[in-house]
Structures are given as C-alpha cells and as structure tokens.
Amino acid sequence: MPDDDAAAARPAAAARGAASGPGILVLLRHGQSTYNAEDRFTGLLDVPLSERGVDEARRAGDLLAHALVRHPELTPRRVITSPLVRASATAAIVAEALPGPPPVEVAWRLVERHYGAFTDTPRAVVRSEHGEEAFWRYRRSYAHRPPPLAPDAPARADVDAVLARLPDDARAALRPDTESLADVVDRLRPFWDGVRAALLRGETLLVVGHGNSLRALSVLVDGLAPEEVRDLDVPTGHPLVRRFLLEQARPGRGTDEDAGGTRLVPLVRGGTYLDADGAEHAIADLRARGGT
C-alpha cells in the first residue's frame with residue numbers, strides 16, 4: 001500500500017489544472033456494512049458492504065455526480081480511502097460515477113477505531129453487561145478506551161490479519177489492543193497535514209472513511225473540543241462538503257498553516273451535506289440506535 005501521508009500531499013496531475021483558491025474536502029462514510037446492519041461493534045474487522053450499503057454507495061456517487069453539473073469545482077482530483085473493504089468498495093463505486101474517473105489512493109490512517117474487547121460484539125450485549133452509563137462512556141467519550149482485546153479473544157486472529165496487511169509504519173503506530181477517539185485523532189494528524197497542504201494548493205479531495213475516523217478528522221478540521229465531538233454523528237453514504245477560506249495566521253495560533261503562515265478556515269463549521277434532508281433523517285435514526 002502507498003504511504004498515505006505522501007499520498008495525501010502529492011500534487012495532482014497538471015492536466016487537471018490549478019484552482020485559484022483553496023480546494024474543497026468532501027468526506028464520505030462508507031455505505032452500510034453487514035455488521036452495521038447487525039448493530040455489532042466492528043472496529044478493525046474487515047467486513048463487506050451490505051446490499052443496502054452498496055445502494056448507499058451508488059446513491060452517494062449519483063449525488064456527487066449530479067452536484068458536479070452545477071458545481072464543477074467539487075470534482076475530486078483524487079479519492080483517498082481507508083484500506084478496509086467497506087470503505088474501499090464504497091470509494092470504487094463512487095469514483096466510477098465521477099468524470100475521469102479520479103484515481104483512488106489508500107491511506108491506512110483512515111482505518112476505523114479499534115474497539116478492543118468489544119470487537120465483533122452486539123451493542124445490546126455490551127449495554128447489558130456493562131450498563132448504560134459505561135456503554136455511553138466507551139462509545140462517546142473522547143479519551144476513554146474500551147477494555148483491551150485479549151490475546152485469546154475470538155476476534156484477535158481476524159484483527160491481527162488486518163494489521164498484518166497494513167504497512168510496517170501502520171503496525172508501529174496503531175495500538176494493537178484498543179483505542180480511544182483521542183488515539184484516532186493522534187494517528188490522523190500526519191494525514192491531515194498532507195490533506196491540508198493539498199487543499200492549500202487548490203486540490204479538491206474526496207476522503208472515504210469510517211464513522212470514527214471521520215469524527216476524528218473533523219476534530220482536526222474544525223478544532224472541535226471533546227464535548228463537541230461527543231455529539232457528532234456521521235451517517236453512512238452521505239457526502240459532506242467542506243469549503244474553506246484562507247486567512248493569514250497570527251502568532252500563537254498553532255501549526256495549522258503552511259510555511260507562509262496561511263491558515264485554512266472552514267467556511268461552514270461542520271460542513272454541508274449534499275442531501276441535507278436525507279442526512280438529517282439518517283442522523284436521527286443513527287442516534288436512536290446509539291450513534292456513530
């Protein structure tokens with residue numbers, strides 16, 4: 001697999017031209033997976049799309065393709081996806097619906113959060129065994145990690161098989177036992193640095209990930225506080241458009257800038273869904289079932 005940090009920062013082909021302002025970032029959670037349909041903790045398990053998930057991916061591609069007619073600036077120069085098949089299959093379906101189609105690149109940092117001992121467990125079982133308060137703390141807190149995945153756990157072999165397929169730097173960087181959302185934010189920082197550099201060059205990118213990897217990326221894009229990201233849900237199959245303004249950074253504002261001191265500032269904090277009504281209903285349904 002290509003190095004995802006370099007892939008995110010790589011200049012686009014000259015034939016696609018240069019934009020006059022910052023690029024646009026389109027985020028997309030994969031279509032429904034078979035484990036989403038069963039309401040199980042999936043984490044690093046590599047499970048396929050459900051039939052509904054395939055339909056969601058096709059609809060996402062159609063939504064984006066139709067949006068390009070009125071807003072050609074939304075045409076992604078590259079699609080960057082998690083290597084897990086539910087994301088990579090979604091990325092392939094969407095890319096085929098777009099002009100070009102744009103090249104698809106793999107970024108291991110976009111893999112889903114490792115849910116530790118909860119991996120491959122129905123959410124209802126975790127709720128019953130740990131209680132409602134602990135369930136929500138494990139699911140939605142920023143820094144709290146689920147119990148670690150034991151060496152003899154039934155899901156261990158499948159998780160290890162996924163880790164074995166990732167690059168050496170991925171295995172060195174990923175926690176093998178469990179992750180908090182804060183851990184996911186930390187592993188996504190180098191990826192965001194590359195994406196930010198591409199956006200500053202004027203590239204438009206489509207990033208296909210998972211509920212928690214996209215929540216973590218939103219922490220970096222919007223500078224979300226832990227209590228803000230706790231309430232953030234990401235529905236499957238709904239393209240989210242992130243536009244930016246350029247601002248000259250002031251001293252002490254941090255490192256979210258290029259060498260010339262230019263910052264990317266979200267035009268709309270949280271972004272805008274291409275199908276706002278559909279996304280609102282999907283988020284309401286998601287929250288009724290326990291959230292992302």
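Here the structure is a predicted model, which is why all the values come from computation and not from measurement.

(A) How the structure looks around the sheet that holds strand β3 (residues 104-106). The strand order across the open sheet built from six strands is β3-β2-β4-β1-β5-β8, with neighbouring strands paired in mixed fashion. Since the sheet does not close on itself, it has two edges, and those belong to β3 and β8 (272-273), each with one partner. Here strand β5 (residues 240-242) pairs with β8 via two bridges, running antiparallel. Of the residues in β8, the one forming a bridge with V241 is T272.

(B) Main features of the packing of aromatic side chains. This model, assessed by the stated rule, comprises five aromatic pairs. Look at F41 and F135: their rings are 6.3 Å apart centre to centre, the planes differ by 65 degrees, and that puts the pair in the edge-to-face class. Of this pair, F41 sits in the loop between α2 (34-38) and α3 (51-70) while F135 sits in helix α6 (residues 132-140), and the two are 94 residues apart along the sequence. Take F41 and F135: they sit in the same class, and that class is buried. Among the aromatic side chains, those forming a connected cluster through ring pairs are F41, Y115, F118, F135, W136 and Y138. The ring of F41 is capped by R123, whose NZ or CZ atom sits 5.7 Å from the centre of that ring. The ring of Y138 has R137 sitting right over it, with the charged end atom 5.7 Å from the ring centre.

(C) Inspection of the side chain of R242 at higher detail. Mapping R242 onto the fold places it in strand β5. R242 gets classed as buried once you look at its relative accessible area, which sits at 1%. Within the local environment of R242, its side chain forms a polar contact with the side chain of D222, the two groups lying 2.6 Å apart. Every residue in contact with R242, bar those within four places of it in the chain, is listed here: I24, L25, L27, S218, V221, D222, P266, V268, G270 and G271.

(D) Highlighting the confidence of the model for the protein chain. Residues with a pLDDT of 70 or more make up 88% of the protein chain, whose mean pLDDT is 90. Every residue in residues 9-19 is under pLDDT 50, and counting partners more than four places away or in other chains gives 19 contacts.

(E) Highlighting the nonpolar core. The biggest cluster of nonpolar side chains holds 31 residues, and the ones touching the most others in it are L25, L188, F191, W192, V207 and L217. Of all the secondary-structure elements, those providing two or more residues to this core are β1 (25-29), α9 (181-200), β4 (205-209), α10 (211-222) and α12 (276-288). One finds L64, L68, A91 and V94 within the second-largest nonpolar core, a separate group that totals 17 residues.

(F) Molecular detail of α3. In this model, α3 (20 residues) spans 30 Å end to end at C-alpha, consistent with the 28 Å of a helix rising 1.5 Å per residue. Every buried residue of α3 is accounted for by G53, E56, A57, A60, G61, L64, A67 and L68. Take α3 and look down its axis: the buried residues cluster within an arc of 135 degrees, on one side only. Among the exposed residues of α3, those pointing more than 90 degrees away from its buried face are E51, H66, V69 and R70.

(G) Here's a closer look at α9. The first and last C-alpha atoms of α9 sit 27 Å apart over 20 residues, in line with the 28 Å expected at 1.5 Å per residue. Its maximal kink placed at R189, α9 deviates by approximately 40 degrees, while the proline P190 follows within four residues. The backbone nitrogen of A182 has a side-chain oxygen 3.3 Å away, supplied by the residue at the start of α9, namely S180. One or two positions beyond α9, positive phi appears at G202, with a value near 100 degrees.

(H) Inspection of the pairing of β1 at higher detail. With five of five residues buried, β1 lies mostly within the body of the structure. Across the two faces of β1 the burial is the same, with L25, L27 and R29 and V26 and L28 all buried. Note that β1 and β4 share five bridges and pair parallel. In the strand pairing of β4, L28 is matched with V208. Bridge analysis of β1 against β5 gives three bridges, and the strand direction is antiparallel. When the sheet's bridge partners are listed, L25 is paired in β5 with R242.

Basis of the calculations
Residues numbered from 1 in each chain as written. Predicted model: local features only at pLDDT ≥ 70, side-chain atom pairs only at ≥ 80, totals over all residues. Heavy atoms only, no water. Pairing = 2+ DSSP bridges. Helix = DSSP H or I, 4+ residues; strand = E, 2+ residues; numbered from the N terminus. Phe/Tyr/Trp six-rings, centres within 6.5 Å; stacked < 30°, edge-to-face > 60°. Buried < 20%, exposed > 50% of the residue type's maximum accessible area, 1.4 Å probe, protein only. Lys NZ or Arg CZ within 6 Å of the ring centre and 35° of its normal. Polar contact = N/O pair within 3.5 Å; in protein donor to acceptor, adjacent residues only side chain to side chain. Contact = heavy atoms within 4.5 Å. pLDDT = per-residue confidence, 0-100. Core = buried A, V, L, I, M, F, W, Y, C linked by side-chain atoms within 4.5 Å. Expected span 1.5 Å × (residues − 1). Arc of directions from axis to C-beta. Bend = angle between axes of the 7 residues up to and from the residue.

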